[in-house]
Amino acid sequence: MNIHHIGVIGAGTMGNGIAQVCALAGLEVTMIDVSTAALERGLTTLTDSLERLVQKEKLRADEKSAALARIHTSISYEELRSVDLVVEAATENLQLKLRILCDIEAVVGGDTVIASNTSSISITQLAAVLKNPARCIGMHFFNPVPLMALLEVIRGLQTSDTTHQAAIEFARAIGKTPITVRNSPGFVVNRILCPMINEAIFVLQEGLASPDEIDAGMKLGCNHPIGPLALADLIGLDTMLAVMNVFHEGFGDPKYRPAPLLKEMVDAGRLGRKSGHGFYQYGGH
Ligand code: NAD
């Protein structure tokens, strides 16, 4: 499948990163959001990100201008008429995503691949809302999208081989390394990462070591670039709790129960970097 024109739904953290990477790879991009204000915010973030690359001499000024010229924005789904592939990267909410997928299918051509960047919703469940669920696939990008090399490609039960092949080709065309994953809560990376972080919180709760010592242990003993508690603060403790709850409910296995300390931190409003206080304190708060 030849992919020239991409639709991106949502101009937020992930959407504008996906748009940036696609435009830099030479693809035409149409980015959709619900308001011009949201689109402007996304475009500003994206433009600043490209400018930083120019400052670091990783990108020429004319390449930046050419990439920006390939990005079109709209609040109308009608603008998706001629796209070859759409990546839905809107707010993580099942009902919202189901509606968006139907809105996409109503305007795009019959061969257009419809992908979702959801972190926690079942691709099989999302695909089932479409008239043609075989064209639906998960494309789980990592934050920040321009820097992270991985793309998890998630096959729902109904995803066709053609759709899968198109997703793999697309991943490579935009410079990402794809891994193929069967649909399951948390896919592969978060399934492994989040229980590890949750275990670090149990270790802290049991008083085995201090946050600094736990993080130093995993950095120096396992060569992780960041300790699990510092990473939890970066991800957001509310997000961590939501993910562990998805695993706990999805698998029905007590090994995924969230650490009580994680729940308590969230109840206290200690959400990590975003609230200025998590397992560590952050300046300015
Ligand atoms: P975000 O809140 O930064 O952005 C979401 C955007 O979607 C907002 O700009 C919002 O206005 C827009 N939106 C809402 N309804 C819409 C609609 N009907 N049509 C078009 N746009 C609409 O969220 P985010 O962090 O970019 O997350 C987006 C998706 O990516 C979620 O599914 C999330 O689970 C997933 N994800 C996030 C991360 C991360 O680290 N942030 C990593 C991987 C995957």
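This one's a predicted model, so the numbers in the text were calculated from it and none came from an experiment.

1. Quick word on the pattern of salt bridges
Alright, step 1. Under the definition given, this model contains nine salt bridges.
Alright, step 2. With a shortest N-O distance of 3.4 Å, glutamate 63 and arginine 60 are connected by a salt bridge.
Alright, step 3. Glutamate 105 is the partner of arginine 135 in a salt bridge, and the nearest nitrogen-oxygen pair spans 4.0 Å. One end of the pair, arginine 135, is in the loop between helix 5 (123-127) and strand 6 (136-141); the other, glutamate 105, is in helix 4 (residues 94-107), and 30 residues separate them in sequence. Across the pair, exposure class does not vary: arginine 135 and glutamate 105 are buried alike.
Alright, step 4. Linked through salt bridges whose partners overlap, the residues forming this network are Arg60, Asp62 and Glu63.

2. Some remarks on the site of the ligand
Alright, step 1. Lining the immediate surroundings of the ligand are 23 residues, of which Met14, Asp33, Tyr77, Glu92 and Ser119 lie closest.
Alright, step 2. Take threonine 13: an N or O atom from its main chain is 3.0 Å from an oxygen atom of the ligand.
Alright, step 3. Relative to its free-state accessible area of 840 Å², the ligand is covered by the protein chains to the extent of 77%.
Alright, step 4. Counting only elements with at least two residues in the shell around the ligand, the list comes to helix 1 (13-24), helix 4 and strand 6.
Alright, step 5. Looking at the shell around the ligand residue by residue, the classes come out as ten nonpolar, nine polar and four charged.

3. Concerning the pairing of strand 5 (residues 113-116)
Alright, step 1. The alternating pattern of strand 5 places Val113 and Ala115 on one face and Ile114 and Ser116 on the opposite face, and all of these are buried.
Alright, step 2. As judged from the four bridges shared by strand 4 (residues 85-88) and strand 5, these two strands associate in the parallel manner. Considered in strand 5, the bridge of valine 86 is made with isoleucine 114.
Alright, step 3. With respect to chirality, the unit in which strand 4 leads through helix 4 into the neighbouring parallel strand 5 is right-handed.
Alright, step 4. In this sheet, strand 6 lies alongside strand 5 in parallel orientation, the contact comprising three bridges. Residue isoleucine 114 lies in a different strand from strand 6, and its bridge partner there is cysteine 136.

About the criteria used
- Residues numbered from 1 in each chain as written.
- Predicted model: local features only at pLDDT ≥ 70, side-chain atom pairs only at ≥ 80, totals over all residues.
- Heavy atoms only, no water.
- Salt bridge = Lys/Arg side-chain N within 4 Å of Asp/Glu carboxyl O.
- Helix = DSSP H or I, 4+ residues; strand = E, 2+ residues; numbered from the N terminus.
- Buried < 20%, exposed > 50% of the residue type's maximum accessible area, 1.4 Å probe, protein only.
- Near = heavy atom within 4 Å.
- Polar contact = N/O pair within 3.5 Å; in protein donor to acceptor, adjacent residues only side chain to side chain.
- Areas by Shrake-Rupley, 256 points an atom, 1.4 Å probe, with all protein chains shown as cover.
- Nonpolar A, V, L, I, M, F, W, Y, C, P; charged D, E, K, R; others polar.
- Pairing = 2+ DSSP bridges.
- Right-handed = clockwise from strand over helix to strand, strands pointing away.

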